[in-house]
Amino acid sequence: MDCSVLQTQSALTFCMAERPRPNWLASVGRARRGLAMVFGVSAALLSAFVDPSPVKAAALDTGYVQANGLNMYYEVHGAGDPVVVLHGAYMTTDMMLPLVERLAENRKVYVLDLQGHGRTADIDRPIRYESMADDVDAFMAALDLPRADIVGYSMGGGVALQLAIRHPDRIRRMTAAAAGFRKDALYPELHEMFAQMTPQSFSGTPWEKAYKDVAPNPENFETLVEKLLDLDTHIDDWPEADIASIAAPVQVLSGDADVIRPEHSVRLFRLVGGGPVKPYFMEASTDELAILPGTTHLGIMERLDLVVPMVEAFLGKSIPAQ
């Protein structure tokens, strides 16, 4: 059976992969097999596309800012035009470094830990896309960053969409990778899996260790899992009018074997205005659609050799006159 680990917008779906894996995935593989014995091959669980304990690259700057009651951790890498990178669920700034370092070759990259993730302590409120978008707005204000390009992956892609809806002036261009705006973005089977998951499913896994290694309150890992499961089981459909109102050029990026259905990515692309320009259909819109062949949710971040050049080319374009 040829399958792979798929990260949904906040949970991850387990599927045994037979292809060779780098040495750093050995502990991840052991955790998957152990959980598979409990839940079966279609069980939902957490994974990450990089080693949960990578060698940390030197950042240009690190620190914390106050954002809507959060003591939000961030790092700055590289130099040039600004881009803010938003991670997926259960992830940290460390786990985004492969992408960050590539973008930082030509850009000044801001990467941050969202509510309850990594080095950003949780606060007494649910985890929701809307509030995380407001947090990013407050983060940018605190750093005197009036406007930037945004690159969001999975949950971070959903946050980017809400940022564009709620705080449109913050965004120059944005890439929303593996992101959805309504419940049917995901395959129905995934919603069934979410209902079977518990915080105890992740006990003793590498992701629990990664969290406890950097979190200010290591004992709160189960709370993070509970909040993200709550996010996944209370997905609201966002009005299509809100998506259509997004003014910034959007690059919709997903895999053809993603947990986000290709049909949904196409719908998102159409709503933001993507497609050929009328009346002669000989010009492309400012929005872009990229569905990577033979690529899973996890695979998007394993194929940075394809993803980064597309993202850089899109972000590098000028903004058309209104």
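The structure we're discussing is the one just above.
Residues numbered from 1 in each chain as written. Predicted model: local features only at pLDDT ≥ 70, side-chain atom pairs only at ≥ 80, totals over all residues. Heavy atoms only, no water.

Participant: Hey, could you go over the overall build of the protein chain for me, with residue numbers and the actual values?
Facilitator: Broken down by element type, the protein chain carries eleven helices and ten strands. For the protein chain, the residues scored as buried account for 56% of the 322 residues in total. Within the protein chain, counting contacts between residues at least 6 apart in sequence, those at least 24 apart form 75% of the total. Entry remark: accessible area of the protein chain is about 13,200 Å², with carbon and sulfur atoms responsible for 53%. (Helix = DSSP H or I, 4+ residues; strand = E, 2+ residues; numbered from the N terminus. Buried < 20%, exposed > 50% of the residue type's maximum accessible area, 1.4 Å probe, protein only. Contact = heavy atoms within 4.5 Å. Areas by Shrake-Rupley, 256 points an atom, 1.4 Å probe, with all protein chains shown as cover.)

Participant: Please provide a residue-by-residue account of helix α7 (residues 221-233), values included.
Facilitator: Taking 1.5 Å per residue as the helical rise, α7 with its 13 residues ought to reach 18 Å, and the 19 Å between its terminal C-alpha atoms agrees with that figure. All of the buried residues along α7 are F221, L224, V225, K227, L228, L229, L231 and D232. (Expected span 1.5 Å × (residues − 1).)

Participant: For helix α11 (residues 304-315), give the residues involved together with the corresponding values.
Facilitator: The terminal C-alpha atoms of α11, which comprises twelve residues, lie 15 Å apart, in line with the 16 Å expected from a rise of 1.5 Å per residue. Within the span of α11, buried status applies to L304, V307, V308, V311, F314 and L315. Projection of α11 onto a plane perpendicular to its axis shows the buried side chains occupying an angular sector of 135 degrees, all on one side. (Arc of directions from axis to C-beta.)

Participant: Could you give an account of the packing of aromatic side chains, naming the residues involved and the relevant values?
Facilitator: Per the counting criterion, the structure on display carries four aromatic pairs. Ring centres of Y129 and W238 lie 5.6 Å apart, and the angle between their planes is 80 degrees; on these two criteria the pair is classed as edge-to-face. Of this pair, Y129 sits in helix α3 (residues 129-142) while W238 is found in the loop between α7 and α8 (240-244), placing the two residues 109 residues apart along the sequence. Judged by relative accessible area, which is 8%, W238 ranks as buried. When the ring of Y211 is compared with that of F221, the centres are 5.3 Å apart and the planes differ by 55 degrees; the resulting orientation is tilted. Of the two residues, Y211 is situated in helix α6 (residues 206-214) and F221 in helix α7; the sequence distance between them amounts to ten residues. On the basis of relative accessible area, Y211 is assigned to the buried category, the value being 9%. (Phe/Tyr/Trp six-rings, centres within 6.5 Å; stacked < 30°, edge-to-face > 60°.)

Participant: Which residues make up the pattern of salt bridges, and what values go with them?
Facilitator: This structure, assessed with the given rule, holds 14 salt bridges. The salt bridge partner of R261 is E263, with a shortest N-O separation of 3.5 Å. Residue classification places E263 among the exposed positions, given a relative accessible area of 52%. Taken together, the salt bridges that share partners define one network made up of R182, D184, E240 and R267. (Salt bridge = Lys/Arg side-chain N within 4 Å of Asp/Glu carboxyl O.)

Participant: Give a detailed account of the sheet that holds strand β5 (residues 82-86), specifying residues and quantitative values.
Facilitator: Taken together, the eight strands give an open sheet; going across it, the order is β3-β4-β6-β5-β7-β8-β9-β10, and neighbouring strands pair in mixed fashion. Looking at the sheet topology across the chains shown, the edges are occupied by β3 (61-67) and β10 (288-296). On average, adjacent strands in this sheet sit at an angle of 20 degrees to one another, irrespective of strand direction. The sheet contact formed by β5 and strand β6 (residues 108-112) spans five bridges and is parallel. Bridging across to β6, V85 finds its partner in V111. The strands touched by α3 are β3, β4 (70-77), β5, β6 and β7 (148-153); relative to β3, the strand with the most contacts, the crossing angle is about 120 degrees. On the sheet, helix α9 (residues 262-271) packs against β9 (250-257) and β10 and is oriented at approximately 170 degrees with respect to β10. (Pairing = 2+ DSSP bridges. Axes fitted to C-alpha atoms, helices over the stretch in contact; angles between N-to-C directions.)

Participant: So what about a nonpolar patch on the surface? Which residues, and what values?
Facilitator: A contiguous nonpolar patch, built from V266, L289 and I291 and spanning about 180 Å² of accessible area, is present on the exposed surface. With respect to the helices and strands, I291 occurs in strand β10. Judged by its relative accessible area of 31%, I291 is partly exposed. (Patch = residues over 30% accessible without salt bridge, like charges linked within 9 Å, V, L, I, M, F, W, Y side chains within 5 Å.)

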